[in-house]
Amino acid sequence: MLSALRAQIKRQLLRRLHYDASVRFTPEHLDLAPGEIRRDVEWIRVQPDVNLKVYWHMVPIGKGIGKGPAISLYVFEFQILRFDCFGARDGHFHLLLGWPSPTSEDRIWLPEPNATAQVERTVFELTKNVTYYLQRHNDERVRRLHLEPATWSTACTQARDKMLHFLCSVPELAVVK
């Protein structure tokens, strides 16, 4: 019981750190949820201070396990977006703007019926709406960031291909495909 309480407190503290734009950290060490398994992490360097992290993972959510491909956008070492393509009823994304969240809900749910469709939605959000998300961040450097269109498009295509590859090649993800 005590370890569960400690894990909950740690998650709450880490969530607050995500929203404090003055705090930076190496995400590899702090952004794993208790019980999360993350595999095949690939970093895609887009341009200086802009990176995409593509991987697949399994994480306890609710009474089950969320599993599927995921992608995170990092700008100036801040995680800005994270898409978890977990299939029907579980796919969602996180928007981390460096401001305190007025609600306890930290997910925006994806309506697509399966992980493959959610990957396509993810690429749509990254290619069409990323500027909207960046311009709402607390850090002025993030708001002023200009993504080079050709480089950004190439990186999004690479990420899409990698996420779809996970869905076709990882046996644990067959059920969400």
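Residues numbered from 1 in each chain as written. Predicted model: local features only at pLDDT ≥ 70, side-chain atom pairs only at ≥ 80, totals over all residues. Heavy atoms only, no water.

What follows covers the side chain of Gln47. Within the fold, Gln47 resides in strand E1 (residues 37-47). You can call Gln47 buried: its relative accessible area is 11%. Among the polar contacts made by the side chain of Gln47, one reaches the main-chain carbonyl oxygen of His146 at a distance of 2.9 Å. (Helix = DSSP H or I, 4+ residues; strand = E, 2+ residues; numbered from the N terminus. Buried < 20%, exposed > 50% of the residue type's maximum accessible area, 1.4 Å probe, protein only. Polar contact = N/O pair within 3.5 Å; in protein donor to acceptor, adjacent residues only side chain to side chain.)

Attention now moves to the confidence of the model for the protein. Overall, the predicted model of the protein reaches an average pLDDT of 84, with 76% of residues at or above 70. Helix H3 (residues 115-128) holds the highest mean pLDDT among the elements of the protein, 98, whereas helix H2 (residues 27-30) holds the lowest, 46. Across residues 17-30, confidence stays below pLDDT 50; counting only partners more than four residues off in sequence or on other chains, it has 29 contacts. (pLDDT = per-residue confidence, 0-100. Contact = heavy atoms within 4.5 Å.)

With that out of the way, let us pick up unusual backbone geometry. Notably, Asp49 is not glycine yet its phi reads approximately 70°, a positive angle. Along the chain, Asp49 turns up in the loop between E1 and strand E2 (50-61). Taking relative accessible area as the criterion, Asp49 reaches 43% and is therefore assigned partly exposed. Phi is positive for Arg89, close to 70°, though the residue is something other than glycine. Examined against the element boundaries, Arg89 turns out to sit in the loop between strand E4 (78-84) and strand E5 (92-95). Take Arg89: its relative accessible area is 75%, and that puts it in the exposed class.

With that out of the way, let us pick up the nonpolar core. Side chains that are nonpolar tend, in soluble globular proteins, to be buried together. In terms of nonpolar packing, the biggest core is built from 38 residues, with Leu52, Leu73, Val75, Leu134 and Trp152 touching the most fellow members. Here this core takes eight residues from helix H6 (residues 149-169), the largest share from any one element. Among all residues touching Leu73, those that are not within four sequence positions of it are Val50, Asn51, Leu52, Phe78, Gln79, Ile80, Leu81, Val130, Leu134 and Trp152. (Core = buried A, V, L, I, M, F, W, Y, C linked by side-chain atoms within 4.5 Å.)

According to the stated counting rule, one finds eight salt bridges in the structure shown. Here Arg82 and Asp84 are joined by a salt bridge, their closest N and O atoms 3.3 Å apart. A relative accessible area of 16% places Arg82 in the buried class. Between Arg144 and Glu140 there is a salt bridge, with its nearest N and O atoms 3.7 Å apart. You can see Arg144 and its partner Glu140 sitting in helix H5 (residues 140-144), four residues apart, about one turn around the helix. Members of the salt-bridge network, linked through shared partners, are Glu112, Arg121 and Glu125. (Salt bridge = Lys/Arg side-chain N within 4 Å of Asp/Glu carboxyl O.)

Before going further, it helps to examine the pairing of strand E3 (residues 64-75). For E3, a buried count of nine out of 12 residues is recorded, marking the element as mostly surrounded by other parts of the structure. The sheet contact formed by E2 and E3 spans 12 bridges and is antiparallel. Paired with Val59 across the strands is Gly66, a residue of E3. Hairpin connection of E2 to E3: two residues between the antiparallel strands, including Gly62 at a positive phi of 60°. Here six bridges tie E3 to E4, and the two strands are oriented antiparallel to one another. Within E4, the position partnered with Leu73 by the bridge is Leu81. (Pairing = 2+ DSSP bridges.)

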